[in-house]
Amino acid sequence: LKMFWFYLPLHLLMVACLCHSIKAPTTRSQQSLKTDLFNFYHSLILADGKETTVHLLKDIPKRYYFVLEEGRALTPFAITVTPCDVPIEWSILAYKASASLLGKAASGDHDTQEDSKSQKSPSKVSTIFNYKGNSVETYMGMSSHSALYMLEFLSTERDTHITVYLSTDTTSGHLYPELPMDPRIDVTGIGHTTVTLTWKHSPSVLQHTENIQYCLLVNEKHNYKSLCAAETAIRSSGMKLPPTLALSLSPYLLEPQQVMILSNSELSIINKVSSGEVRQICMGTKNTYTVPNLSPSTQYYFDVFVVNLLTNASAAYTGTFARTLEEPEPKVMELKDGKVIRVVLDGKKKKFYSMQYQARHKKIQFTFQVCRGQVRVHITKNGKTVALENISGLRYFSLKGKLLDTYVVQLRSTEQSNSSVKVQVSPHFHKPLFPLLPESLKIKSFSKLRTCNSVTIAWLGTQEESKYCVYKKRIEEDQVWMELQSVDRCSGPESRHKSEKVLCKYFFDVNVQRAVTTETIKGLDAGTLYLFDVYLFGPSGIPVRYHSKVVKTRKKC
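Residues numbered from 1 in each chain as written. Predicted model: local features only at pLDDT ≥ 70, side-chain atom pairs only at ≥ 80, totals over all residues. Heavy atoms only, no water.

Student: Now, about the sheet that holds strand 23 (residues 353-358): what can you tell me, with residues and values included?
Tutor: With respect to topology, five strands assemble into an open sheet ordered 21-23-28-25-26, the strand pairing being mixed. Either end of the sheet is taken by a strand with one partner, and the two such strands are strand 21 (332-334) and strand 26 (384-391). Neighbour-to-neighbour, the strand axes of this sheet turn through a mean angle of 20 degrees, independent of strand direction. In this sheet, strand 23 lies alongside strand 21 in parallel orientation, the contact comprising three bridges. What sits directly across from Val332, in strand 23, is Ser354. (Pairing = 2+ DSSP bridges. Helix = DSSP H or I, 4+ residues; strand = E, 2+ residues; numbered from the N terminus. Axes fitted to C-alpha atoms, helices over the stretch in contact; angles between N-to-C directions.)

In structure tokens, the structure reads:
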């Protein structure tokens, strides 16, 4: 029996001793102690010198325990707990048994009278630390070798996880990088789309340059107290993080200055989440950085983490925030009578393009020809809206007012891709820029008139004699969508290859109901797709392009 006690591990020996001391509990405190000791058997041993991930279920406490190295009167130790989501409660409890009881238990010499005395002086239980919150917290203390420690964790909000690090080795450095005495981030410059930050160097960076790196986290929601918390927030937003490149990512996998972005669950440059975007920039050991490509008049939150590349452990500086400057008023272009300008509109930025015109006549006409995409047109006269419309194709706005009225035209793309539009303003009685247009710009084909080597198409004309030119282009099945989407409706026949030209003809009819013409295009290949275009020329010589038509010749005749 003596040999049995001799070979027991220290932490089990402690439990055995404590259980022995309360073999016949006579008070409520002794019964409570026995219950606590029973919990030890259902707890886990906390590893020394290793970061442990702990998963917590809501309202269910989880316990870990540890006994420090035997044979030393006092042992320094540190415990760091990092909540990765919601605030948690955690505490450290110390259980101390009498030295005489521990000695007798180890030797196996049990005296009933002595044991009875020990029951009158049960082991002491004390809470030496407790904390509630979501900050990274470290407790440092000194331990007696005859004490058993228990850590208890509880989440009352929802299921979550944390990391716990116990260390008793104070001579071989730190798992977590050190922060400077002043861990604040300073904002040294703010622009419309940039913010410049600086922070004091971590002592760890100065000592171990090759193993330490700074990483900056930028988002529009709030500051994060750890990379672990940031990773959890992104996961909860529905994003799928690659297991080997989570947001607490191994920074050594990134090049300096490289921006990591997670878009549509794939690793790219910016992490799109429901609350905006999260960027992580790792910049080596530089302690100054200018964040580019921000949105004007937007509040951003900035967190700097110093990361140990060998262990992937990190420490957080005190986060800061800044609001970028408001976007300057867009430059307003002056419109001149009769002059045509072409504007390209950025679909991604959704910015308005502004133009101004001061009327020299009471009646004026704005002409818009959308070359690609769809455009939102907003026209104001002396600050009041007179036209607001989404347009595609050709559109006229004839307006009446007073001399020197000020008109402002604002244009923006309604699509994600870029749009382009031609704009002209002129007195109403001026010679029109574009020809008189028919009721529809669609081209019709006749299925029954298709053959293996010819197709027949028709289009509407006007009461005004005009020139019409027909062009054809052979295309493949997989090119149809791209050809139709990429058409520049403002381009004329000058952009076409000469071999694509079929014919040009003049026609009109006083009776607009009969202003229809047909054309049979021959010499085509059987079972082949063709793209047909018709261009209408007016007195000014500026063409209007009808909507392209795709027709396939018959395979067999």
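From this point, things continue past the structure.
Student: Could you give me a rundown of the state of the cysteines, with the residues and numbers involved?
Tutor: A full pass over the atoms with the stated rule returns five disulfides. There is a disulfide in this structure between Cys215 and Cys282, and the S-S distance comes to 2.1 Å. Taking the torsion about the S-S bond as the criterion, the Cys215 to Cys282 disulfide, at about 100 degrees, is right-handed. A residue pair is termed long-range when its members are at least 10 positions apart, and Cys215 in strand 12 (residues 212-219) and Cys282 in strand 16 (residues 276-282) qualify at 67 residues. Paired through a disulfide, Cys371 and Cys490 show a sulfur-sulfur distance of 1.7 Å. As the torsion about the S-S bond is roughly -85 degrees, the Cys371-Cys490 disulfide counts as left-handed. Taken as a pair, Cys371 in strand 24 (residues 363-372) and Cys490 in the loop between helix 8 (480-485) and strand 33 (501-507) lie far apart in primary sequence, 119 residues in all. The connectivity of the disulfide-linked cysteines in the chain, indexed sequentially, is 1-3, 2-4, 5-8, 6-10, 7-9. (Disulfide = S-S within 2.5 Å.)

Student: Summarise the confidence of the model for the chain; cite the residues concerned and give the values.
Tutor: Mean pLDDT over the chain works out to 79, with 76% of the residues at or above the 70 mark. Scored below 50 in pLDDT, residues 99-110 shows 22 contacts in the model against residues more than four places distant or in partner chains. (pLDDT = per-residue confidence, 0-100. Contact = heavy atoms within 4.5 Å.)

Student: Pulling in residues and values, what's your account of the sheet that holds strand 11 (residues 195-199)?
Tutor: The strand order across the open sheet built from three strands is 10-11-17, with neighbouring strands paired in antiparallel fashion. What marks the edges here is a single partner per strand, and that holds for strand 10 (185-190) and strand 17 (288-291). Mean inter-strand twist for the sheet, computed between neighbouring axes without regard to direction, equals 25 degrees. Looking at chain direction, strand 11 and strand 17 are connected through four bridges and run antiparallel. Among the inter-strand pairings, Leu197 is bridged to a residue of strand 17, identified as Tyr289.

Student: Lay out unusual backbone geometry in plain terms, naming residues and giving numbers.
Tutor: Residues other than glycine seldom take positive phi values, yet Asn382 does so here, at roughly 55 degrees. Looking at the secondary structure, you find Asn382 in the loop between strand 25 (375-381) and strand 26. For Leu404, which is not glycine, the phi dihedral falls at a positive 70 degrees. Checked against the element boundaries, Leu404 lands in the loop between strand 27 (394-400) and strand 28 (406-413). Owing to a relative accessible area of 57%, Leu404 belongs among the exposed residues under this scheme. (Buried < 20%, exposed > 50% of the residue type's maximum accessible area, 1.4 Å probe, protein only.)

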